[in-house]
Amino acid sequence: MTQVDTAGTAQGDMATAGTAQSGMDTSGSGRSDAGPGGAGPRHTGARTGPWKRGRVLAAAALLLGLFLLLHASIPNRIGNLGSLVETFLPWFGLFIPVLLAGALLRRAVPALVALLLPAAVWLNLFGGLLTDKSHPGGDLTVVSHNVGADNPDAAGTARALAASGADVLALEELDPAVRRTYEKELATTYPHHTVLGTVGVWSGLPLSDTRPVDVEMDAGPLGDAKPDDVRLEYNRGLRTTVATDHGPLAVYVTHLGSVRVNPRAGLSSGQRDAGAQSLGRAVAAERNERVVLLGDLNGTLDDRAYAGITSRMRSVQEAAGDGFGFSWPAAFPVVRIDQILVRGVEPESSWLLPATGSDHLPVAARISW
């Protein structure tokens with residue numbers, strides 16, 4: 001039979017009660033002054049002030065600002081990282097409102113102050129694109145469109161471009177199989193045209209002095225071994241002269257090499273970069289004072305690969321456009337890789353045309369003398 005030591009239990013209960021009473025606030029306030037282990041008063045600590053909160057957010061804002069400010073210093077040695085960043089550079093501005101929301105939620109004054117740096121840098125780089133800089137009038141309308149080799153509606157695309165009101169129309173990625181379709185649909189509106197390989201110009205004004213422009217698509221021993229007629233079949237650059245009422249206008253049309261983004265190799269753009277350099281040399285050697293360059297450059301003009309071109313020519317979108325003018329992909333444009341650049345003439349306006357059957361949007365501009 002189990003026995004219970006009632007005397008010992010009673011003594012333990014009394015000791016427990018005594019211990020509990022010793023930790024009570026005998027003043028009747030209902031609070032205990034005992035700290036941990038009953039060794040003195042306990043303090044909750046003061047709240048962190050607004051100048052001490054959000055240090056991580058502030059550091060992130062400063063890093064973003066330096067990233068935008070020094071983007072040209074990002075090296076291309078590893079996977080063309082610098083060019084890849086510059087291709088999507090405007091989109092890094094989306095981090096600013098995200099950090100701003102975090103700073104406001106935390107009421108972190110240092111983070112709010114630090115955000116002034118990326119905001120100022122981004123506005124300096126792209127703020128000018130947020131306003132409409134177009135002007136009425138102009139002497140000549142030019143349109144450029146990568147019509148797409150896989151375009152399921154070449155005839156409809158040609159008719160839409162003919163109705164655009166362009167005086168000079170540049171087409172890229174012309175599939176030889178549907179070239180006749182474009183020639184037929186555009187013949188009435190444009191009595192003059194020239195095609196070299198997969199690029200062409202249709203014009204309401206006379207054309208002359210047309211010749212191919214080497215954009216390094218067949219560089220190297222294998223390219224050199226190809227016969228000229230074979231190389232011309234896939235030519236992706238040309239130069240022609242348009243006879244205007246104000247004098248001759250040199251027009252360059254090009255479709256530079258494609259780029260690929262690989263998680264391991266980064267941005268693969270060697271062929272495109274070589275073509276951009278070759279095109280830059282051709283523009284530099286051009287003797288005509290008035291020059292227009294139209295085409296799919298497969299990159300944004302923030303990319304350092306185009307320095308040889310942008311140092312000599314102006315982007316019509318930057319000078320006279322409204323917004324960023326993103327042209328690719330047509331379903332949800334995120335970058336402007338279809339460009340119109342000028343030298344010796346004034347850009348008056350720049351805009352996008354409605355989508356066609358291509359995966360690119362047509363780009364248009366109005367220029368004057």
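Refer to the structure printed above.
The present account deals with the structure reproduced in this document. (Residues numbered from 1 in each chain as written. Predicted model: local features only at pLDDT ≥ 70, side-chain atom pairs only at ≥ 80, totals over all residues. Heavy atoms only, no water.)

1. Topic: the pattern of salt bridges
Opposite charge on two side chains permits pairing when their charged atoms draw close.
Okay, so step 1: Tallying each qualifying case throughout the model produces 12 salt bridges.
Okay, so step 2: The partner of E185 in a salt bridge is R159, and the shortest N-O contact between them spans 3.7 Å. Residue E185 is found in helix α8 (residues 179-186), and its partner R159 is found in helix α7 (residues 154-162); the two are separated by 26 residues along the sequence.
Okay, so step 3: With a relative accessible area of 24%, E185 lands in the partly exposed category.
Okay, so step 4: If you follow the salt bridges from partner to partner, you end up with D209, R211, R239 and E286 in one network. (Salt bridge = Lys/Arg side-chain N within 4 Å of Asp/Glu carboxyl O. Helix = DSSP H or I, 4+ residues; strand = E, 2+ residues; numbered from the N terminus. Buried < 20%, exposed > 50% of the residue type's maximum accessible area, 1.4 Å probe, protein only.)

2. Here we look at α7
One turn of the α-helix equals 3.6 residues, which is why residues spaced by three or four share an orientation.
Okay, so step 1: Of all the positions in α7, only A154, G156, T157, A158, L161 and A162 are classed as buried.
Okay, so step 2: Next to the buried residues of α7 lie β1 (140-146), β2 (168-172) and α8. (Contact = heavy atoms within 4.5 Å.)

3. Details of the packing of aromatic side chains
Okay, so step 1: The final tally for this structure, using the stated rule, is 7 aromatic pairs.
Okay, so step 2: Ring centres of F126 and F324 lie 6.2 Å apart, and the angle between their planes is 50°; this geometry places the pair in the tilted category. Note that F126 is positioned in helix α6 (residues 116-126) and F324 in the loop between α13 (316-320) and β12 (338-343), a separation of 198 residues in sequence.
Okay, so step 3: On the basis of relative accessibility, which here comes to 3%, the residue F126 falls in the buried class. (Phe/Tyr/Trp six-rings, centres within 6.5 Å; stacked < 30°, edge-to-face > 60°.)

4. Quick notes on the environment of I337
Okay, so step 1: As for its placement among the helices and strands, I337 is situated in the loop between α13 and β12.
Okay, so step 2: The class for I337 is buried, based on a relative accessible area of 7%.
Okay, so step 3: For I337 and T300, which are 37 residues apart along the polypeptide, the C-alpha to C-alpha distance reads 5.2 Å.

5. Thoughts on the sheet that holds strand β7 (residues 247-255)
By way of backbone hydrogen bonds, the strands of a sheet pair with one another, either parallel or antiparallel.
Okay, so step 1: Spatially, 6 strands are ordered β5-β6-β7-β10-β12-β11 in an open sheet, and the strand pairing comes out mixed. One side of each edge strand has no neighbouring strand; the edge strands of this open sheet are β5 (207-212) and β11 (314-315).
Okay, so step 2: Two elements, β7 and strand β10 (residues 291-296), share 6 bridges in a ladder whose sense is parallel. Bridge pairing links H255 to D296 in β10. (Pairing = 2+ DSSP bridges.)

6. A few points about the sheet that holds β1
Okay, so step 1: An order of β3-β4-β2-β1-β14-β13 is seen for the 6 strands of this open sheet, with the pairing classed as mixed. Looking at strand neighbours, the two that pair on one side only are β3 (192-196) and β13 (346-352), the edges of this open sheet. Neighbouring strand axes in the sheet, compared pairwise and without regard to direction, differ in orientation by 15° on average.
Okay, so step 2: Where β1 lies against β2, 5 bridges are found, and the strand directions are parallel. Opposite N146, over in β2, you have E172 as the bridge partner. (Axes fitted to C-alpha atoms, helices over the stretch in contact; angles between N-to-C directions.)

7. Notes on the packing of α7 against α8
Okay, so step 1: Across the interface, α7 lies against α8 with an axial gap of 9 Å and an inter-helix angle of 35°. As α7 packs across α8, the resulting crossing turns out to be right-handed. Of the residues in α8, those touching α7 at A154, A155, T157, A158, R159 and A162 are T181, Y182, E185 and L186.
Okay, so step 2: Here the residues of the contact of α7 with α8 are counted per class, giving 6 nonpolar, 2 polar and 2 charged. (Left-handed = near helix turned anticlockwise from the far one by under 90°. Nonpolar A, V, L, I, M, F, W, Y, C, P; charged D, E, K, R; others polar.)

8. So, the nonpolar core
Okay, so step 1: With 21 residues, the main nonpolar core has V142, L249, V253, V292, L294, I340 and I367 as its most contacted residues.
Okay, so step 2: Among the elements of the structure, β1, β2, β4 (199-203), β6 (237-244), β7, β10, β12 and β14 (363-368) are those that each provide at least two residues to this core.
Okay, so step 3: Excluding its chain neighbours within four sequence positions, the residues that come into contact with V142 are V168, L294, I340, V363, A364 and A365. (Core = buried A, V, L, I, M, F, W, Y, C linked by side-chain atoms within 4.5 Å.)

9. Looking at helix α2 (residues 55-69)
Okay, so step 1: Taking 1.5 Å as the rise per residue, α2 with 15 residues should run 21 Å; its terminal C-alpha atoms sit 21 Å apart, in good agreement.
Okay, so step 2: Among the residues of α2, those classed as buried are A58, A61, L64, G65 and L68. The buried side chains of α2 occupy one side of the element, clustering within an arc of 125° when seen end-on. Relative to its buried face, α2 has exposed residues pointing more than 90 degrees away, namely R55, V56 and L63.
Okay, so step 3: Buried residues along α2 sit in contact with α4 (95-106), α5 (109-114) and α6. (Expected span 1.5 Å × (residues − 1). Arc of directions from axis to C-beta.)

10. Section: unusual backbone geometry
Okay, so step 1: The residue after W328, namely P329, is reached through a cis peptide bond having omega -10°.
Okay, so step 2: On the secondary structure map, P329 appears in the loop between α13 and β12.
Okay, so step 3: With phi around 50°, N80 is a residue other than glycine that occupies positive phi space.
Okay, so step 4: You can see N80 is positioned in the loop between α2 and α3 (81-87).
Okay, so step 5: In this structure, N298 is a non-glycine residue whose phi angle is positive, near 55°.
Okay, so step 6: Here N298 is to be found in the loop between β10 and α12 (307-310).
Okay, so step 7: Given the relative accessible area of 12%, N298 is considered buried.

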